[in-house]
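Below are the chains, spelled out letter by letter.
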Amino acid sequence: MKREKISRVIGGIDEQYIQEAEYAQAGSRGIGDWGGIRKKIIAAAAVFVCVFAACMPSAARSFKGYFQDILRWDGAVTGATYQAAEQEVKIHVSGNMRQKEKKLLVQITFLDPAKAPYSELATGAIALGDYQVIDLSDDATEHVIASAEGLQEEITGTIADAGATVELPLQAEGLAAGKEYCLVIKCLYGIKKAEQPLRINGDWECRFTVQE
């Protein structure tokens with residue numbers, strides 16, 4: 001049935017949300033282990049999107065994390081990402097850092113380790129992805145002292161007890177004692193042997209100070 005007709009039959013649901021439901025349903029065609037997990041999750045979630053999008057359109061985007069296919073230019077599925085994970089993954093950094101150590105300890109914890117994709121990473125590893133370290137001393141201007149994009153293979157920790165700790169190296173000359181900084185993380189990467197790394201997108205901010 002065409003989405004225009006669905007909109008009229010159900011009663012005025014915006015065609016945008018019907019299109020999103022169609023996309024979520026199409027996303028159940030997965031690749032490898034991640035695809036098999038998505039097939040079960042999205043099949044159950046597609047009805048939720050259709051029923052609630054009319055009165056709560058933001059719920060489909062912010063209620064829980066969800067898998068999303070990576071599409072090639074011709075529409076073929078080439079992989080998957082996991083979206084909106086900030087409510088499912090806790091990230092904590094040490095309260096302060098000493099200039100001479102030049103490393104920031106970042107603790108990553110899965111709040112629901114029995115849920116996919118975290119359950120599939122229990123014997124794997126987690127790596128830092130896109131991040132920035134921002135100097136907060138100037139309220140008018142954000143001064144970025146460190147940043148990187150993509151999979152940071154050298155900043156990886158083995159997962160144990162539903163979490164991992166990674167070490168983020170920082171240049172001491174970019175830090176000043178007594179100042180406050182913020183580590184902003186936009187994505188992580190779940191790593192499994194013989195599998196394509198899974199990009200886990202979210203929005204995390206962790207503040208820390210520097211001691212002499």
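Just so you know, the residues in each chain are numbered from 1, in the order the chain's sequence is written. Local features are withheld for residues below a pLDDT of 70 in this predicted model, meaning they are given only at 70 or higher, and side-chain atom pairs are given and counted only at 80 or more; totals for whole chains, interfaces and linings count all residues. Hydrogens and water molecules were not included; the side-chain quantities draw on all heavy atoms of the structure.

(A) Inspection of the sheet that holds strand S5 (residues 103-110) at higher detail. One open sheet accounts for 3 strands, arranged S3-S5-S10; its pairing is antiparallel. Two strands close off the open sheet at either side, each with one partner strand: strand S3 (89-93) and strand S10 (163-169). For this sheet, the mean angle separating the axes of adjacent strands, direction not counted, is 20°. Being paired, for any two strands, means DSSP has found at least two bridges between them. For helices the rule is a DSSP run of H or I covering at least 4 residues; for strands it is a run of E covering at least 2, with both sets numbered from the N terminus onward. Pairing between S3 and S5: 5 bridges, direction antiparallel. The partner of Ile91 across the bridge, within S5, is Ile108. Angles shown run from 0 to 180 degrees and are taken between the N-to-C directions of axes, each axis being a line fitted to C-alpha atoms and, for helices, limited to the stretch in contact.

(B) Representation of the environment of Ala125 within the structure. As for its placement among the helices and strands, Ala125 is situated in strand S6 (residues 125-128). Each C-alpha atom of the pair Ala125 and Pro197 lies 9.7 Å from the other, and the pair is 72 residues apart in sequence. The criterion used for residue contact is that any of the two residues' heavy atoms lie within 4.5 Å. Setting aside chain neighbours within four positions, we find Ala125 in contact with Thr156, Gly157, Thr158, Ile159, Tyr189, Gly190 and Ile191.

(C) A look at the pairing of strand S7 (residues 131-135). Note on exposure labels: buried denotes an accessible area under 20% of the residue type's maximum, exposed denotes more than 50%, and partly exposed covers the range between, all computed with a 1.4 Å probe on protein chains only. Among the 5 residues of S7, 4 are classified as buried, and the element is accordingly described as predominantly covered. Here S7 runs beside strand S8 (residues 143-148); their pairing, made up of 5 bridges, is antiparallel. Paired with Val133 across the strands is Ala146, a residue of S8. One ladder, built from 5 bridges, connects S7 with strand S11 (residues 180-191); its direction is antiparallel. Bridge pairing in S11 places Val133 opposite Leu183.

(D) Focus on the pattern of salt bridges. Salt bridges, as used here, are contacts in which a Lys or Arg side-chain nitrogen is within 4 Å of a carboxyl oxygen on Asp or Glu. Under the defined criterion, the tally for this structure stands at 8 salt bridges. Where Glu88 meets Lys115, a salt bridge forms, and the shortest distance between an N and an O atom there is 2.4 Å. Remark: Lys115 occurs in the loop between S5 and S6 and Glu88 occurs in the loop between strand S2 (77-83) and S3; sequence separation between them is 27 residues. Judged by its relative accessible area of 9%, Glu88 is buried. The class of Lys115 is partly exposed, set by a relative accessible area of 21%. Residues Glu180 and Arg207 are paired through a salt bridge, measuring 3.7 Å at the closest nitrogen-oxygen approach. Here the residue Glu180 occupies a position in strand S11, and Arg207 occupies one in strand S12 (residues 198-211), the gap between them amounting to 27 residues.

(E) Highlighting unusual backbone geometry. Cis peptide bonds are those with omega within 30 degrees of zero, and the linkage from Ala116 to Pro117 qualifies with 10°. Inspection of the secondary structure puts Pro117 in the loop between S5 and S6. With a phi angle near 55°, Asp161 is a residue other than glycine that sits in the positive phi range. Residue placement: Asp161 occurs in the loop between strand S9 (156-158) and S10. With a relative accessible area of 81%, Asp161 lands in the exposed category.

From the geometry alone we can't say anything about function, so treat these as descriptive.
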